[in-house]
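These are the residues of each chain, in order.
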Amino acid sequence: MNKKTFSLNMFILTLVFLYLPLIVLIVQSFNSGMGGDWDGFSLKWYDELFNHSARLWTSFKYSIIIALTSAGISTAIGTLGAISLKWYTFKHKKYLQIISYLPLVLPDIIMGVSLLILFTSIKFKLGLITIFLAHTTFNIPFVLFIVLSRLHDFDYSIVEAAYDLGATEKQALTKVVLPNLMPGIISGLLMSITLSLDDFVITFFVAGPGSSTLPLHIYSMIKFGVSPIINALSVILIAGTIALAMSTKKIQKYMV
Amino acid sequence: MKNQRSGLVYSAPITLWLTLLFVVPTLIVIVYSFLKKGTYGGVEWIFSANGYNFFSSSYFLKVVWNTVEISVAATVITVLIAIPVALYIATSKYKNFLLFLIIVPFWTNFLIRIYSWIALLGNNGLLNKLFIKLGLEPHQFLYNKSAVILVSVYAYLPYAILPLYSAIEKFDFAMIDAARDLGASKMTAYSKTFLPNIKPGIITATLFTFIPALGSYAIPKLVGGNNSQMLGNIIARELTITRNWPKAAAISTILTIVTVAFIFTLSKYDKDHKGGDV
Amino acid sequence: MKKSIIFILILLTLVGCGKEDQKNELYLFNWSDYIPDEVITDFENETGIKVITDYYSSNEEMYAKIKAGGDGYDITVPSTDYAEIMMKQGMLEKIDKSKISNLKELDESIAQKISFDINHDYIIPYSVGATGIAVNAKYVKNFERSFDIYNREDLKGKMTLLDDMREVMSSALIIAGHSPESSNPQDLEDAQEIILGWKKNILKFDSESFGKGFTNGEYLVVHGYYENIVAHMTYEQAENMVFFIPKKGAQMYIDSMVILKGAKNIENAHKFIDYIYRPEVYVKIIDYLETPSINIGASKLRKTVPVYEIEDLKGAYLMKDLGEALTPQSEVWNEILTQ
């Protein structure tokens, strides 16, 4: 099919485009020198990563925890919100429709400072929790929009059929609606994790003392040249995530 | 719907959360934009509309134009690429794996990826070194508007691919076959059945790319040159260097209003995007 | 499900507003790579105080965060202009000098430049240095050690200036024969003309990647700080580099330790500052940073030779608070950037 080849070609080109800098990144992690030139193969950055970088690992750990929790909560809240907007009427619907656009729109730095002002004025202690709250907040509209567009042509008759067959509200939700929304929910989840892992500006302002995330840690190195230790960490992260994905597939195979 | 009261339950978490953690900060920003500038940052609780004076600065319109130009270019390119890519993933047997493959590069740190682009396309980067080896003149690929657009496309691709994937995945491709059976060409079949049906996905992808691009700050700073200042840079400078919080708040407020108007028009164009009652 | 959401929200609120245990800690908000790890670890071992550090890479972001309410830090290290601003705003605790006996080691000749706190009631100098220009001498020959290098068209597209209004504007104003704190439109116009002349020849304004760019060969001439430029240089590259402080228009900085108002660990903060001022401790810092020493005892012990001495800084301008002149200068800077 002609269209199929076109989209396949685009996909492959895009993959190359996306992975090109990644290849540079991976190669540099094995470069014994720090400049652009190849100075010889070396594992020293990996050595430093595993043996001398306690602070980096702590930031990394915090980043992962915050990414997973904020993505989870925002996906749950956003999905429910999308369902409410599509199929229900309630008093504050108009209000919700308006405010759900907004977090997309405000520039990072403004959101960061205004959240900081909010937290300090209610004397809420800055720390990992404030980072979690901020990340969940900016993730929600992304999930909302993705799930909404998925709901756009959702064939409601299958839900009605479920009710006719005696399903409760909860059963209709968990057994009919959510499974059909899954690709949207997963897209939302992936998007949220991505946004959270990489956020710097908002996190800088709402982080508490000692609660550094990976982007904060990396950015603080910027003037001195970010060490290839970060490249090594990125390689480990990519390898780890791919391994995880492969293993879940295997598990899925056994479950089916 | 079975139970209308469930609407309250479903919508309560999101409404509460966004109200507390988003509407309130936005109100703070709007209020601050109408206050007097503190001498050393912060605000004094005296009314002043001076924050909105930025319109009169000659450089302001130039930066707005730059920002719009770069954002539109980046968005158009990104969405055009994202559609076939999302199409391929959604119709593939290995959709979850492919989706994953697309996302994984974005879990490496943003800064590192930008530096990798600089290592590739910089004045002393790999590509130029290759040029020199081949006897060609080195070319300055970076530190200009095109570089900002290129790196923006790179950065926003997943934001466009994900929503498009979600929208395309539920498209019933039998419609294409039906159209073909009725005598339509491939082109017509796709443009008249496929594209209109994934319109919400296209709109979402456009919003997810265009709006963050408007507020872009790090990309122009790192790979932009002398003529690629964007609004995000101005806002950051006003906030941190000039310490004019009301001005930074005012520019952000106007940016917010303009973008909301844009979204509003876009969703009016797709009337049932926000969903009515069933 | 409603119940569990409420439960989680209550839990979060409790944790968020929780009381802090009385631990023996010290919270630093500092520039990256400014204190060698060894110094911190030795302090921790000696006193049993746990030191937790967060980092920033510009005065502006540090100040914006603290001004907007980011508390929890005990000590931060602003440059002189921001130290002045923070002092004027009442953001600093008064220092109990009786607890910092080692302050006597401070080289007053340089400390006197902090004219607004001569008695060191709020501001204790940490390190001193200057902004300079680095040239890749392998490719650039016959250059004058001044800002004039930025007028050279043969180096077009291979140079950078700091993306820092204070630095560039101050230097241009001084070169134009005016005060760096001027808000006079004519003075600013003169400076603008000079900077636009430089801008024609630079690749971009860069405050983050000038060090890396110089080492990678992206830039042949950079304006910036020594420690960032040499951070990851090979020996060979260092041999080929010429770093100078320009004859006219040079800027110097004194970064100082201050205790923030409302700090919870004031005792520990004093102990830390006193510890830093021990000659045998401070010498580790200057050997690490390779900057001139402000500590008399440490000067005698040092093993490295700084790339420039306090003497070289005599003609340099120490950035102070611009006050009302900040806005007109910023407007001109914005014009320059967008032209």
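Residues numbered from 1 in each chain as written. Chains lettered and ligands numbered in written order. Predicted model: local features only at pLDDT ≥ 70, side-chain atom pairs only at ≥ 80, totals over all residues. Heavy atoms only, no water.

Asker: I keep staring at the overall build of chain C and nothing clicks. Help me out?
Answerer: Check the secondary structure of chain C and you find 14 helices and 10 strands. Taken against the 2.2 N^0.38 rule, which gives 20 Å for 339 residues, the C-alpha radius of gyration of chain C at 22 Å falls within 12% of a compact globule. Taking contacts inside chain C between residues at least 6 apart in sequence as the whole, the part at least 24 apart equals 73%. Surface summary for chain C: the accessible area is close to 13900 Å², and the carbon and sulfur share equals 51%. Between the mean site of the 36 positive side-chain charges and the mean site of the 54 negative ones, chain C shows a separation of 3 Å. (Helix = DSSP H or I, 4+ residues; strand = E, 2+ residues; numbered from the N terminus. Rg over C-alpha atoms; globule rule 2.2 N^0.38 Å. Contact = heavy atoms within 4.5 Å. Areas by Shrake-Rupley, 256 points an atom, 1.4 Å probe, with all protein chains shown as cover. Lys, Arg positive; Asp, Glu negative; His and termini not counted. Charge placed at Lys NZ, Arg CZ, Asp CG, Glu CD.)

Asker: Honestly, the overall build of chain B in this entry has me stumped. Any pointers?
Answerer: When helices and strands are tallied, chain B shows 12 helices and 2 strands. Counting from the amino terminus, helix and strand elements in chain B follow one another as α-β-β-α-α-α-α-α-α-α-α-α-α-α. Along the three orthogonal principal directions, the C-alpha set of chain B runs to about 70 × 70 × 30 Å. The proportion of buried residues among the 278 residues of chain B is 60%. In chain B, the share of contacts with a sequence separation of at least 24, taken over all contacts with a separation of at least 6, comes to 67%. (Buried < 20%, exposed > 50% of the residue type's maximum accessible area, 1.4 Å probe, protein only.)

Asker: Help me out: how do you make sense of the environment of Thr240(B) in this one?
Answerer: Following the sequence through the fold, Thr240(B) ends up in helix α11 (residues 231–240). By relative accessible area, Thr240(B) is classed as buried at 14%. Separated by 73 residues in sequence, Thr240(B) and Ala167(B) place their C-alpha atoms 41 Å apart. Those residues within four positions of Thr240(B) in sequence are excluded, and the remaining contacts are Ile109(A), Glu60(C), Ala64(C) and Tyr82(C). A polar contact is formed between the side chain of Thr240(B) and the backbone oxygen of Ala236(B), at a distance of 2.7 Å. (Polar contact = N/O pair within 3.5 Å; in protein donor to acceptor, adjacent residues only side chain to side chain.)

Asker: Is there a simple way to explain the packing of aromatic side chains in this structure?
Answerer: Aromatic rings in a pair are described by how distant their centres are and how their planes are angled relative to each other. Applying the stated criterion to the full structure yields 54 aromatic pairs over all chains. Residues Phe200(A) and Tyr219(A) carry aromatic rings whose centres are separated by 4.0 Å and whose planes lie at 40 degrees to one another, so their mutual orientation is tilted. With a gap of 19 residues between them, Phe200(A) in the loop between α9 (169–198) and α10 (201–206) and Tyr219(A) in helix α11 (residues 214–220) connect regions that are remote in the sequence. Here Phe200(A) and Tyr219(A) have matching classes, each one buried. Aromatic pair Tyr190(B) and Phe194(B): ring centres 5.5 Å apart, planes at 70 degrees, arrangement edge-to-face. Within this pair, Tyr190(B) and its partner Phe194(B) are both found in helix α8 (residues 186–197), separated by 4 residues, close to a single helical turn. The buried category is assigned to Phe194(B), whose relative accessible area is 3%. (Phe/Tyr/Trp six-rings, centres within 6.5 Å; stacked < 30°, edge-to-face > 60°.)

Asker: It is not clear to me how the interface of chain B and chain A should be interpreted in this structure. Could you clarify?
Answerer: Often the size quoted for an interface is simply the accessible area lost on bringing the parts together. At the interface, 99 residues of chain B touch 103 residues of chain A. In total, about 9700 Å² of surface goes out of reach between chain B and chain A, with carbon and sulfur atoms giving 76% of it. At the surface where chain B touches chain A, the tally comes to 2 salt bridges. Where Arg150(A) meets Glu169(B), a salt bridge forms, and the shortest distance between an N and an O atom there is 2.8 Å. One can count 11 residue pairs in polar contact (both at pLDDT 80 or more) joining chain B with chain A. When its residues are assigned to classes, the side of chain B that touches chain A shows 65 nonpolar, 24 polar and 10 charged. (Buried area = accessible area lost by both parts, 1.4 Å probe. Salt bridge = Lys/Arg side-chain N within 4 Å of Asp/Glu carboxyl O. Nonpolar A, V, L, I, M, F, W, Y, C, P; charged D, E, K, R; others polar.)

Asker: Explanation requested: the side chain of His270(C) in the structure shown.
Answerer: Its place among the elements puts His270(C) in helix α11 (residues 266–276). Discounting residues that sit within four places of it in the chain, His270(C) has contacts with Ile95(C), Asp96(C), Lys99(C), Ile100(C) and Ile259(C).

Asker: How should I be thinking about the interface of chain B and chain C in this particular structure?
Answerer: Facing 34 residues of chain B, the contacting portion of chain C comprises 38 residues. The junction of chain B with chain C conceals about 3100 Å² of combined surface from both sides, 54% of it contributed by carbon and sulfur atoms. Sorting the residues of chain B by area buried against chain C places Tyr40(B), Tyr59(B) and Asn226(B) first, and these three jointly supply 24% of that buried surface. In this structure, the connection of chain B to chain C is made through 3 salt bridges. With a shortest N-O distance of 3.0 Å, Lys247(B) and Glu331(C) are connected by a salt bridge.

Asker: How should I be thinking about the environment of Glu331(C) in this particular structure?
Answerer: Residue position: Glu331(C) is located in helix α14 (residues 326–338). Overall, Glu331(C) belongs to the partly exposed group, its relative accessible area being 25%. For Glu331(C), the contacting residues outside a window of four places in its chain are Ser57(B), Tyr59(B), Glu238(B) and Lys247(B).

Asker: Explanation requested: a positive patch on the surface in the structure shown.
Answerer: Among the surface-exposed residues, Lys125(A), Lys23(C), Lys50(C) and Lys264(C) lie close enough to one another that they form a single positively charged patch. Assignment of secondary structure puts Lys23(C) in the loop between α1 (2–16) and β1 (25–31). (Patch = residues over 30% accessible without salt bridge, like charges linked within 9 Å, V, L, I, M, F, W, Y side chains within 5 Å.)

Asker: Looking at this structure, I do not really get empty space enclosed by the protein. What am I missing?
Answerer: One way to see where empty space is left: roll a probe the size of a water molecule over the atoms. Per the stated rule, a full pass over the model turns up 9 cavities of 30 Å³ or more. Taken as a whole, the second largest cavity encloses approximately 100 Å³ of empty space. In terms of lining residues, the second largest cavity is bounded by Ile110(A), Val113(A), Ser114(A), Ile117(A), Ile28(B), Val29(B), Tyr32(B), Leu239(B), Trp245(B), Ala248(B) and Ala249(B). Secondary structure elements with two or more residues in the lining of the second largest cavity: α6 (108–121) of chain A together with α1 (6–33) and α12 (245–269) of chain B. No other element matches the 4 residues that α6(A) contributes to the lining of the second largest cavity. By residue class, the composition of the lining of the second largest cavity is 10 nonpolar, 1 polar and no charged. (1 Å grid on protein atoms, 1.4 Å probe; cavity = no way out; pocket = protein on both sides within 12 Å on 5 of 7 lines; lining within 4 Å. Points joined across faces, edges and corners; volume = space filled by probe spheres on them.)

Asker: Before we go on, may I ask you to explain the environment of Arg152(C) in this structure?
Answerer: Residues and elements named next belong to chain C. Tracing the sequence through the fold places Arg 152 in the loop between β4 (124–136) and β5 (159–161). Considered as a pair, Arg 152 and Gly 48 are 104 residues apart in the sequence and their alpha carbons are 56 Å apart. With residues up to four places along the chain from it excluded, the contact list for Arg 152 reads Val 140, Lys 141, Asn 142, Phe 143, Met 159 and Asn 201. Within the structure, the side chain of Arg 152 is placed 2.7 Å from the side chain of Asp 154, a separation counted as a polar contact.

Asker: Explain the packing of helix α4 (residues 110–121) of chain B against helix α5 (residues 126–133) of chain B to me, please; I cannot follow it from the model alone.
Answerer: Each pair of packed helices can be summarised by the angle the axes make with each other and by the distance between the axes. All names here are of chain B. It is the contact of α4 with α5, at a shortest axis distance of 3 Å, that shows an interaxial angle of 10 degrees. The orientation of α4 relative to α5 falls into the category roughly parallel. On the side of α4, the interface is formed by Ala 119, Leu 120 and Leu 121, while α5 contributes Leu 126, Leu 127 and Asn 128. (Axes fitted to C-alpha atoms, helices over the stretch in contact; angles between N-to-C directions. Parallel < 35°, antiparallel > 145°, perpendicular 65-115°, else oblique.)

Asker: Explanation requested: the confidence of the model for chain B in the structure shown.
Answerer: A low pLDDT means the predicted coordinates there should not be read in detail. Averaged over chain B, the pLDDT score is 87; the fraction of residues at 70 or greater is 95%. Summarising per-element confidence for chain B, the mean pLDDT is lowest in α8(B) (83) and highest in helix α2 (residues 58–90) of chain B (93). (pLDDT = per-residue confidence, 0-100.)

Asker: Could you clarify how one ought to interpret helix α8 (residues 157–164) of chain A in this entry?
Answerer: Note on helix geometry: an α-helix contains 3.6 residues per turn, so any two residues three or four positions apart are oriented the same way. All names here are of chain A. Within α8, burial applies to Val 159, Ala 162 and Tyr 163. Projected down its long axis, α8 carries its buried residues within an arc of 100 degrees, all on one side. Close packing links the buried residues of α8 with α3 (54–87) and α9. Immediately beyond the C-terminal end of α8, within one or two residues, lies Gly 166, with a positive phi of roughly 95 degrees. (Arc of directions from axis to C-beta.)

Asker: I keep staring at the pattern of salt bridges and nothing clicks. Help me out?
Answerer: Oppositely charged side chains may form a pair once their charged atoms are brought near each other. Tallied over the entire structure, the rule returns 21 salt bridges over all chains. A salt bridge links Lys145(B) to Glu69(B), with the shortest nitrogen-to-oxygen separation between them at 3.0 Å. Taken together, the positions of Lys145(B) in helix α6 (residues 145–168) and Glu69(B) in helix α2 put the pair 76 residues apart, joining distant regions of the chain. Assessed through its relative accessible area of 23%, Lys145(B) is described here as partly exposed. With a shortest N-O distance of 3.4 Å, Glu169(B) and Lys95(B) are connected by a salt bridge. In this pair, Glu169(B) sits in the loop between α6 and α7 (174–181) while Lys95(B) sits in helix α3 (residues 95–103), placing the two residues 74 residues apart along the sequence. Owing to a relative accessible area of 21%, Glu169(B) belongs among the partly exposed residues under this scheme. Through salt bridges with shared partners, one network takes in Arg150(A), Lys95(B) and Glu169(B).

Asker: What's the story with a nonpolar patch on the surface in this structure? I'm lost.
Answerer: On the surface, Ile12(A), Val16(A), Leu20(A), Ile23(A), Val27(A), Trp38(A), Phe41(A) and Leu43(A) cluster together to form a nonpolar patch covering roughly 780 Å² of accessible area. By the element assignment, Ile23(A) lies in helix α1 (residues 2–29).

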